[in-house]
Every structure is written in structure tokens, then in C-alpha cells.
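Secondary and tertiary structure notes
Single-letter residue listing:
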Amino acid sequence: MNNETFFELLQRIAKWIIRYYDNIESYPVKSQVEPKEIYNKVAKLDNQTPASIDEIMSDFEKIILPGITHWQSPNFFAYFPANTSPPSILAEMLTSAIAAQCMVWETSPAAAELEEFTLNLLRQYIGLPESFSGVIQDTASTATLVALIVAREKKSSFSINENGFDGKNYRVYCSEEAHSSIEKAAKIAGFGRKNVVKIATDENFSMQAELLEKSIIEDIEKGYIPCAVVSAFGTTGSTAIDPINEIAEIALKYDLFHHVDAALAGSSLILPEMRYIAESIERADSIVFNPHKWLLTNFDCSAHFVKDKETLIRTFSITPEYLKTSVDEQVNNYRDWGIQLGRRFRALKLWFVLRYYGLEGLQNFIREHISFAKYFAESIIAEGDFELLAPVNFNTVCFRYIGYSEKTKIDEVNEKLLKTLNDSGKIYITHTKLNGKYTIRFVVGQTNTKKRHVDAALELIKQTARNLV
Ligand SMILES: *Cc1c(COP(=O)(O)O)cnc(C)c1O
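The structure reproduced in this document is the subject of the present report. (Residues numbered from 1 in each chain as written. Predicted model: local features only at pLDDT ≥ 70, side-chain atom pairs only at ≥ 80, totals over all residues. Heavy atoms only, no water.)

1. Remarks on the state of the cysteines
- A complete count under the given rule lists 0 disulfides for this structure.
- Cysteine Cys174 is unpaired, with the sulfur of Cys227 as its nearest cysteine sulfur at 13 Å.
- Residue classification places Cys174 among the buried residues on the basis of a relative accessible area of 2%.
- Not engaged in a disulfide, the cysteine Cys301 finds its nearest cysteine sulfur in Cys102; these two sulfurs lie 13 Å apart. (Disulfide = S-S within 2.5 Å. Buried < 20%, exposed > 50% of the residue type's maximum accessible area, 1.4 Å probe, protein only.)

And the structure:
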């Protein structure tokens, strides 16, 4: 492709992006296609003959776009936010143009140094002390896997790294509300699912710390090796907060590695008024949160902070001592900070976002969403025929409709309510189960969600629920 054509196409794509955002509210938020619909349409194209970008774009609009669930729609209130923003998109364009492999400092010094710098800045923004070092992982799942592997090596004095598994039962603790990525990480890191101990939660869906200690004591008596505990700062189901300080105390007492999964809610720590709920977070050994969820940075960008970077690097490094150079002492070679060797230049979009919005802009963004969630919760409760099923700690409201006389059918009614709302294409919301109850989750966090979108969603939910019965 010559430069002239490329430039024209760049302009075309730029126009497409602007039109997409202008019209985004006219698409059904949740894609309405059937399974295999997209696959079959794409497979029918003449895929082997070279095609013009014109043709490809036309197929993109006709075939691909209907199969997109519009996560950037301001009417997307499902799962969790997956933010992007203009500065992030612009930086991603540059990243894909430069297309550098950022595995070690030398392969792009700017990437390594910007990663170090942006994470230092983020670390300060969320109130973590200088003793923490940051690395960008692709996802929170990977950061948690990395954390559990480090925990394993720390506990076995690097013997598993060297000799493989020793048949002992290394135990991992988390709450029964913990994210599935913890069990997955335990599975992959060789702990085995049977060694994941799920601790019961209290009425707020937070881990009961005294039960954690009880489990640890019982495990020690059985000859098991308590190795790691993962506490949640904002569970996926209801954004519950585990008692991080008490868990830290227990981790210290029994020599457990303590990882905090703050994937979604960690972004809220940039607000000084939110920090008290994570008071002792700095006592943890590692913490992960996702700017790619709720901090205006597009996927993937997971901020992983570790207290003991030497142990992390020793766990993942494959460079023998004698190959270390004088430069290595001064720089970060991030291939040694996790699983991947090849790495994208993910710090660039984070830097664009941090600079463009500034701390205050980011704070306003998060603060507004939290206030919208509280507003939604108060408004829906005031109706009298809805109830909340969990505290509203951040941006997530867990509720259900109860204005139905046959109480045994409440789950069914709410399931139907959710389906009707999502099939309307006007909003997208998802569900969970809390205490065995079918729970609708309303999550505020999209980049362009304003109060009018929350108000419209409220009206739609109320009317749809009442029309159902
Ligand atoms: C979203 C989420 C995850 C998984 O995040 P990924 O970056 O997609 O791996 C893990 N834990 C919690 C609490 C989450 O909300």
C-alpha cells in the first residue's frame, strides 16, 4: 500500500470512528445475532483473493458490526466497564504503527522507562508507598497467576522452580465470592483446585477473617502448607470488600503471601475519600487493578504492584547471574516480571490518558460514576417495589424487583425482566447470584455515561418490570 492511499484510508477510518461514537446509541447495546451467524457469513466471502480496504470495510459494516456488543455505549451497564477514551485510542494507533517488541530495555528503552514511570505515578495516585514496584500485565488474571507462582516459589525456597513439584499440598485461600481467575491461577500454577480453600463470607459478602485463620490452623494440623491468600477489594458479584487489614495480620502471622485483587475497584483509590476502605492495602505483598476497566485506558492494561520485586524477578528470570550486564542494574527488563517474553508498548496509552486527563480529571470521572450508582440505588429503592441485595460500595448496584405477589417466582420474574431489557437493545445489564437469589447488577462506568443515561435506564427498568406482571 502506498503512503498516499494509506493516508486516505487513515482519514476514512478516523471519520468512521467519529461517526461510530456519534451514532453509538442507535445500535442495540447487546449484539442480537445467533450463534455461528457471523462465522458463516465470513466463511462465505471470497477470502483467498486479495480484497480492497473498501470491500473489507463494507463487509465489516454489514457482517461484523451487527455481531458487536457495544461496550462503549453509554447505555452499557453490564458486567464491568471496559473503558477507552480518545487519548487512549490515539496512543494505540501510534503503538500499532511503531509496533515495537518491548521485552527488554534495549528493545525499546522508552517503553521500559515509560512503564516504570507511569506505574510509579499510578502507585502514588492510589496511595501506595514507594516500596512497591509496578509492572503492566495483560490482565488481572495474569497478575494473579504471577502472584501465586511467586508465592509458591517463596514458600518452597525456589525449589519448585528448580525441581518441579514435591507432592506437598500448598494451600491458597480466598473468599467464596472471589473471582474465578484465582481458582484458574491455582490450577495452572500447580497448586491444584483441591488446594483452593474458599472462605465463607458475611452478610456484606466480605471474607470472614476469623474463618480464614481457622482454616489455616486446621490445614497446618493436617500437614498442609498454607501458602497464599488472595483478598478482594471489590468482588465481581457485588464489589464486596474483604477485611484487608485483618487478612494482612493473619498473612503475617502464618507467613502467607498476600495478593489483593482490586481489578475493578482499585481505580477508586485515586479518590482520597475512598482510601480509608483500603486502609492497610500497603501491607499486602502484591496488588492488581485494571486501568483497562475503569480508568479510561483501553484493553489491555493491568497495573500490578509488588512489594518484593527481587523475588518476582528471581521467579521469572531465565537469565543466569553471569549474563547480567551493568545496564540491567539500572533498568527494568520487564520480560523477567511475568510470563510473556514479547510485550506490547502498553505504557504509551496509559501515559496519554494520565497526562490528558490529569489527576483531577481522573478523579472527577470516578467520583461521578460512584455518585450515579448511589443515585440509581436510592432512586430504585424509593420506588418500594425493588430491593437492594448488597451494599453499594463503588459503581455497582445489586438489586431485584419484588413487586410480584407470588414470592416463589421472584427469581423467574427477574430473569425475565433482564432478558426483556437486554432484548430491547436499549440497555445492557447482567446478573449474578447472591445468597442464592437471582440478582440484577447495574454497573456505571462507561466513559460517556451521563446522568441522563442513568435516568433513562431507571425509567426503562421500572416500566418494564411493572409491565411484566
Ligand atoms: C474483572 C475482574 C477480574 C479479571 O480481570 P481480567 O483483567 O479480565 O483478567 C478479576 N478479578 C476481579 C475482581 C474482576 O472484577
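2. Here we look at the sheet that holds strand β5 (residues 257-261)
- The strand order across the open sheet built from 7 strands is β1-β7-β6-β5-β4-β2-β3, with neighbouring strands paired in mixed fashion. Looking at the sheet topology across the chains shown, the edges are occupied by β1 (133-137) and β3 (196-199). Neighbour-to-neighbour, the strand axes of this sheet turn through a mean angle of 20°, independent of strand direction.
- With 4 bridges joining them, strand β2 (residues 170-175) and β3 adopt parallel strand pairing. Its bridge partner lying in β3, Ser175 is registered against Ile199.
- The strands touched by helix α10 (residues 244-253) are β4 (225-232) and β5; relative to β5, the strand with the most contacts, the crossing angle is about 160°. (Pairing = 2+ DSSP bridges. Helix = DSSP H or I, 4+ residues; strand = E, 2+ residues; numbered from the N terminus. Axes fitted to C-alpha atoms, helices over the stretch in contact; angles between N-to-C directions. Contact = heavy atoms within 4.5 Å.)

3. Examining the pattern of salt bridges
- Per the stated rule, a full pass over the model turns up 29 salt bridges.
- For Lys462, the salt bridge is made with Glu383, and the minimal N-O distance between the two is 3.2 Å. Of this pair, Lys462 sits in helix α16 (residues 451-468) while Glu383 is found in the loop between α14 (347-382) and β8 (386-388), placing the two residues 79 residues apart along the sequence.
- Using a relative accessible area of 31% as the deciding quantity, one classes Glu383 as partly exposed.
- With a closest N to O distance of 3.0 Å, Lys462 and Glu459 form a salt bridge. Taken together, the residues Lys462 and Glu459, both in helix α16 and 3 residues apart, mark about one turn of the helix. (Salt bridge = Lys/Arg side-chain N within 4 Å of Asp/Glu carboxyl O.)

4. Regarding the environment of Thr447
- Assignment of secondary structure puts Thr447 in the loop between β11 (437-443) and α16.
- The sequence separation of Thr447 and Ile366 amounts to 81 residues, and the corresponding C-alpha distance is 9.8 Å.
- Non-local contacts of Thr447, meaning those with residues more than four positions away in its chain, are made with Gln72, Asn83, Thr84, Ser85, Leu296 and Phe365.
- A distance of 2.6 Å separates the side chain of Thr447 from the backbone oxygen of Thr84, its partner in a polar contact. (Polar contact = N/O pair within 3.5 Å; in protein donor to acceptor, adjacent residues only side chain to side chain.)

5. Overview of the site of the ligand
- Every residue near the ligand is listed here: Thr139, Ala140, Ser141, His179, Ser181, Gly234, Thr236, Asp261, Ala263, Asn290, His292 and Lys293.
- Contacts to the ligand include Ala140, whose backbone N or O atom sits 2.8 Å from an oxygen atom.
- Against a free-state accessible area of 390 Å², the protein chains account for coverage of 90% of the ligand.
- Elements with a minimum of two residues in the shell around the ligand: α6 (140-155) and α11 (291-294).
- Of the residues in the shell around the ligand, the class split is 2 nonpolar, 8 polar and 2 charged. (Near = heavy atom within 4 Å. Areas by Shrake-Rupley, 256 points an atom, 1.4 Å probe, with all protein chains shown as cover. Nonpolar A, V, L, I, M, F, W, Y, C, P; charged D, E, K, R; others polar.)

6. Some details on helix α15 (residues 410-423)
- The end-to-end C-alpha separation of α15 is 20 Å, in line with the 20 Å expected for 14 residues at 1.5 Å each.
- For α15, the full list of buried residues reads Ile410, Val413, Asn414, Leu417, Leu418, Leu421 and Asn422. Along α15, the residues classed as buried sweep out an arc of 165° about the axis, all on the same side. Across from the buried face of α15, at angles greater than 90 degrees, the exposed residues are Glu412 and Lys419.
- Downstream of α15 by one or two residues, Gly425 has phi in the positive range, about 75°. (Expected span 1.5 Å × (residues − 1). Arc of directions from axis to C-beta.)

Worth remembering: the numbers are spatial, not functional.
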